[in-house]
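# Examining the three-dimensional arrangement
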Amino acid sequence: MKKIVRTIICKICHPFAKIGKGSYAAPSSTIGHSSVVGQNSYLAKGTIISNTIVGNYCSIGPYALIGLGEHDLSSYSTSLSSGAHNASLLVDKTVLGSDVWIGAGAVVRAGIKVGHGAVIGANSVVTKDVKPYSVIVGSPGKVIKFRFDQRQIDLLLQSQWWNYKPKLVPKIFKELEKDLL
């Protein structure tokens, strides 16, 4: 069964894209050129990622657009067919840390770095880098709060729990809870 699911996923991926173990991409999602999806992550229907690194344990809601190319606004024409520039889109690598949740319809512009544990609200447009464990909403996206206090964030970042196998994660969380009390 795992082999069948992996085969289906790979048919919707760019040949140079990589998908980690335990990750799922809905059949209508697109994983573009030079993209890497970490382990145990999820891409919902209609999601498009391009030139993006997605960390482990990420959840990306339906119709999110992440890391897509942008037209050169300093050129005389924005059309790639005009010959006004080198027929390329401005594309910097977009990076989503681990344990990131991107809501439905959110847009994360090319070149943005989203920190571990961050949450991007539905239909938000992220135009600046996002700090770990922050919650971003709106257009343009703004920080409305942090998921945890700084001590908890430091402990979570130090633990790097997202680099462990799923069966070990509950044990790590129990140890973290002891440190937080």
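To keep things clear, this report deals only with the structure shown in the data block. (Residues numbered from 1 in each chain as written. Predicted model: local features only at pLDDT ≥ 70, side-chain atom pairs only at ≥ 80, totals over all residues. Heavy atoms only, no water.)

### Regarding the sheet that holds strand 2 (residues 24-25)
Read from one edge to the other, the open sheet built from seven strands follows the order 2-5-8-11-14-16-17, with strand pairing classed as mixed. What marks the edges here is a single partner per strand, and that holds for strand 2 and strand 17 (142-146). Relative to strand 11 (residues 101-102), strand 8 (residues 59-60) is paired through two bridges, and the arrangement is parallel. Counted as the bridge partner of Ile60 is Ile102 from strand 11. (Pairing = 2+ DSSP bridges. Helix = DSSP H or I, 4+ residues; strand = E, 2+ residues; numbered from the N terminus.)

### A word on the side chain of Thr52
Looking at the secondary structure, you find Thr52 in strand 7 (residues 52-54). For Thr52, the side chain forms a polar contact with the main-chain oxygen of Ile66, separated by 3.5 Å. Setting aside its immediate chain neighbours within four residues, Thr52 contacts Ser34, Ser35, Val36, Ile66, Gly67, Lys93, Thr94 and Leu96. (Polar contact = N/O pair within 3.5 Å; in protein donor to acceptor, adjacent residues only side chain to side chain. Contact = heavy atoms within 4.5 Å.)

### What to know about the sheet that holds strand 3 (residues 30-31)
In space, the five strands of this open sheet follow the order 3-6-9-12-15, with parallel pairing throughout. What marks the edges here is a single partner per strand, and that holds for strand 3 and strand 15 (125-126). Of the pairings in the sheet, the one linking strand 9 (residues 65-66) to strand 12 (residues 107-108) comprises two bridges and is parallel in character. Pairing of Ile66 across the sheet is with Val108, part of strand 12.

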